Amino acid sequence: MKTMTSIEDLRQEARRRVPRVFFDYAEGGSYAEQTLNANRADLERIKLRQRILVDVSQRSTATTIAGEPASLPLALAPIGLCGMQHGDGEILACRAAQEAGIPFCLSTMSICSIEDVAAAVAKPFWFQLYVMKDRGFVRALIERAAAAKCSALVLTVDLQVLGQRHRDVKNGLSVPPELRIRNLIDIAGKPKWALSVARGRRKTFGNLAGHVRGMENVNSLSLWIADQFDATLSWKDVEWIAGLWRGKLILKGILDVEDARIAAKTGAVGLVVSNHGGRQLDGASSSIAVLPAIVDAVGASVEVLFDGGIRSGQDIMRARALGARACLSGRAYVYGLGAGGQAGVARAIEILRNELDVTMALTGTTRIDEIDRRVIAAM
Ligand SMILES: Cc1cc2nc3c(=O)[nH]c(=O)nc-3n(C[C@H](O)[C@H](O)[C@H](O)COP(=O)(O)O)c2cc1C
């Protein structure tokens, strides 16, 4: 792992190790991928201010996120099908996050279940909730997250219908993978991946299998999911969920100032400025482009978290400078997971940490709460 010096190195290694159907699933965005690309391009356009001759010998990247201490302004984002990037992927990523002292968020669409992860890790983690049409199932999921002592519920609000990802359709993405000749040949060339997934606790959606009545076999489970995203989802449902969940609530998928203002009044402790990593509304703004206006509107009343395009410590600095309390990492850690399991995720976090630390020094900052718009060069 030492020779992996950047997130891009981890990405290249993941591309070699993970079957194409799952690598593409992680890599891709919806439709023409304009928003996916804008997330990166707009971050790269932000130039940092080099400062010199400031004593930066004592630096700390420590902060708090949603009231919890964190060694970095970073959390691992909810990612569906982590366990298809590497067997037991959710458990390995959660362990790496906890060892690094940052929050991990488990997806509703994970392979390992809430209970699997809770039994395998030392500390509480966050749980991400998708609201399905079957509200009884949603209520049960919330109860399961509470029983597992999850420390925050992250309610994703930008997936009431599914944006199409062309690559997934073309590759025949399914869980477990569709047995097309092309997929079989591909998997045959990825023996380490095959072994890790074969040894993994589960091969399908762990939070759903066995919990949805009448959906005992995997194919019908996929059909159930496709039919379950709920286009009627509204602020009333957020109210209902806030009433069921006694702990900290975070709303994920806010990209508009007007929505942020409503979100800030729901009792949520935080919101995540996010376009789902460019996987939903193609043609939407990049997350970083809308971040400052949302922070100005609601930053005083809720913690504004950020995701979309974070691939370096410099990116974390940029988002933090524009007002984000902390960032969520999606693909950056998924590449680490595909490249090397738990060690790969640990390496991804270490790379981001080291880059942020050096960037702090070179911009003349020593503490996370010193990072603000002053570290951005006038554009
Ligand atoms: C492979 C993949 C799966 C994802 N699955 C979920 C999910 O299950 N729930 C969710 O709220 N967001 C999901 N997201 C969105 C991420 O939580 C996050 O918003 C996004 O990845 C951030 O952008 P980045 O990948 O550029 O860091 C997923 C993203 C990716 C790349």
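Residues numbered from 1 in each chain as written. Predicted model: local features only at pLDDT ≥ 70, side-chain atom pairs only at ≥ 80, totals over all residues. Heavy atoms only, no water.

(A) Looking closely at the sheet that holds strand β5 (residues 126-129). The sheet built from 8 strands is open, its strands ordered β3-β10-β9-β8-β7-β6-β5-β4 with parallel pairing. This sheet does not close on itself; its edge strands, each paired only once, are β3 (74-76) and β4 (105-106). With respect to the sheet, helix α13 (residues 287-298) is in contact with β7 (248-254), β8 (270-273) and β9 (303-307), its orientation differing from that of β9 by roughly 175 degrees. (Pairing = 2+ DSSP bridges. Helix = DSSP H or I, 4+ residues; strand = E, 2+ residues; numbered from the N terminus. Contact = heavy atoms within 4.5 Å. Axes fitted to C-alpha atoms, helices over the stretch in contact; angles between N-to-C directions.)

(B) Spatial organisation of the packing of helix α14 (residues 313-321) against helix α15 (residues 331-362). Where α14 meets α15, the axes come as close as 7 Å, and the angle between the chain directions of the two elements is 60 degrees. With respect to α15, the axis of α14 lies oblique. Contacts between α14 and α15 involve Gly313, Gln314, Ile316 and Met317 from the first element and Leu352, Glu355, Leu356, Thr359 and Met360 from the second. Across the contact of α14 with α15, the residue classes tally to 5 nonpolar, 3 polar and 1 charged. (Parallel < 35°, antiparallel > 145°, perpendicular 65-115°, else oblique. Nonpolar A, V, L, I, M, F, W, Y, C, P; charged D, E, K, R; others polar.)

(C) Here's a closer look at helix α9 (residues 191-199). Those residues of α9 lying buried are Trp193, Ser196 and Val197. Seen along its axis, α9 keeps its buried residues to an arc of 95 degrees; they face one direction. Exposed and facing more than 90 degrees away from the buried side of α9 are Pro191, Ala198 and Arg199. At its buried positions, α9 is contacted by α1 (7-17), α2 (20-27) and α8 (181-188). (Buried < 20%, exposed > 50% of the residue type's maximum accessible area, 1.4 Å probe, protein only. Arc of directions from axis to C-beta.)

(D) Focus on the nonpolar core. Grouped together as the largest cluster of nonpolar side chains are 109 residues, with contacts concentrated most on Leu271 and Leu291. If one sorts the elements of this core by residue count, α15 sits on top with 13 residues. (Core = buried A, V, L, I, M, F, W, Y, C linked by side-chain atoms within 4.5 Å.)

(E) Expanded view of the confidence of the model for the chain. Chain-level pLDDT for the chain is 95 on average; 98% of the residues reach the 70-or-more range. Mean pLDDT across the elements of the chain bottoms out in helix α10 (residues 218-228) (75) and peaks in β3 (99). (pLDDT = per-residue confidence, 0-100.)

(F) Quick peek at the packing of aromatic side chains. Enumeration over the complete set of coordinates arrives at 4 aromatic pairs. Each ring, one from Phe22 and one from Trp193, has its centre 6.0 Å from the other, and the planes form 25 degrees; the classification is stacked. In this pair, Phe22 is assigned in helix α2 and Trp193 in helix α9, connecting sequence segments 171 residues apart. In terms of burial, Phe22 and Trp193 fall into one category: buried. Taking the ring centre of Tyr25 as reference, the NZ or CZ of Arg279 above it sits at 4.8 Å. (Phe/Tyr/Trp six-rings, centres within 6.5 Å; stacked < 30°, edge-to-face > 60°. Lys NZ or Arg CZ within 6 Å of the ring centre and 35° of its normal.)

(G) Inspection of the site of the ligand at higher detail. Pro78, Ser107, Thr156, Asp307 and Gly309 are the nearest of the 21 residues found near the ligand. Between the ligand and Gln128, the relevant distance is 3.2 Å, taken from a nitrogen atom to a side-chain nitrogen or oxygen of the residue. Alone, the ligand offers 600 Å² of accessible surface; in the complex the protein occludes 99% of this. Of the residues contributing to the shell around the ligand, the split by class is 6 nonpolar, 10 polar and 5 charged. (Near = heavy atom within 4 Å. Polar contact = N/O pair within 3.5 Å; in protein donor to acceptor, adjacent residues only side chain to side chain. Areas by Shrake-Rupley, 256 points an atom, 1.4 Å probe, with all protein chains shown as cover.)

(H) Fine view of the pairing of β8. What you see with β8 is no split at all: Gly270 and Val272 on one side and Leu271 and Val273 on the other are buried throughout. The sheet contact formed by β7 and β8 spans 4 bridges and is parallel. Within the sheet, the bridge partner assigned to Lys252 lies in β8 and is Val272. Handedness of the β7-helix α12 (residues 257-263)-β8 crossover: right-handed. (Right-handed = clockwise from strand over helix to strand, strands pointing away.)

(I) Just the pattern of salt bridges, in detail. Using the criterion set out here, one finds 27 salt bridges in the structure. Among the ionic pairs, Arg17 bridges to Glu13, the shortest N-O distance being 3.0 Å. In this pair, Arg17 and Glu13 are both assigned in helix α1, 4 residues apart and thus about one turn of the helix distant. On the basis of relative accessible area, Arg17 is assigned to the partly exposed category, the value being 29%. Between Asp186 and Lys190 there is a salt bridge; the shortest N-O distance is 2.7 Å. For the residue pair Asp186 and Lys190, the accessibility class agrees, reading buried in each case. Within this structure, Arg20, Asp24, Glu33 and Arg167 form a network of salt bridges that share partners. (Salt bridge = Lys/Arg side-chain N within 4 Å of Asp/Glu carboxyl O.)

(J) Molecular detail of the packing of helix α4 (residues 89-100) against α15. Orientation of α4 relative to α15, taken along the N-to-C sense of each, is 15 degrees, at an axis distance of 10 Å. The angle between α4 and α15 falls in the class roughly parallel. Considering how the two elements wind past one another, α4 and α15 form a crossing that is right-handed. Contacts between α4 and α15 involve Gly89, Leu92, Ala93, Arg95, Ala96, Ala97, Glu99 and Ala100 from the first element and Tyr333, Leu337, Gly341, Gln342, Val345, Ala346, Ile349 and Arg353 from the second. (Left-handed = near helix turned anticlockwise from the far one by under 90°.)

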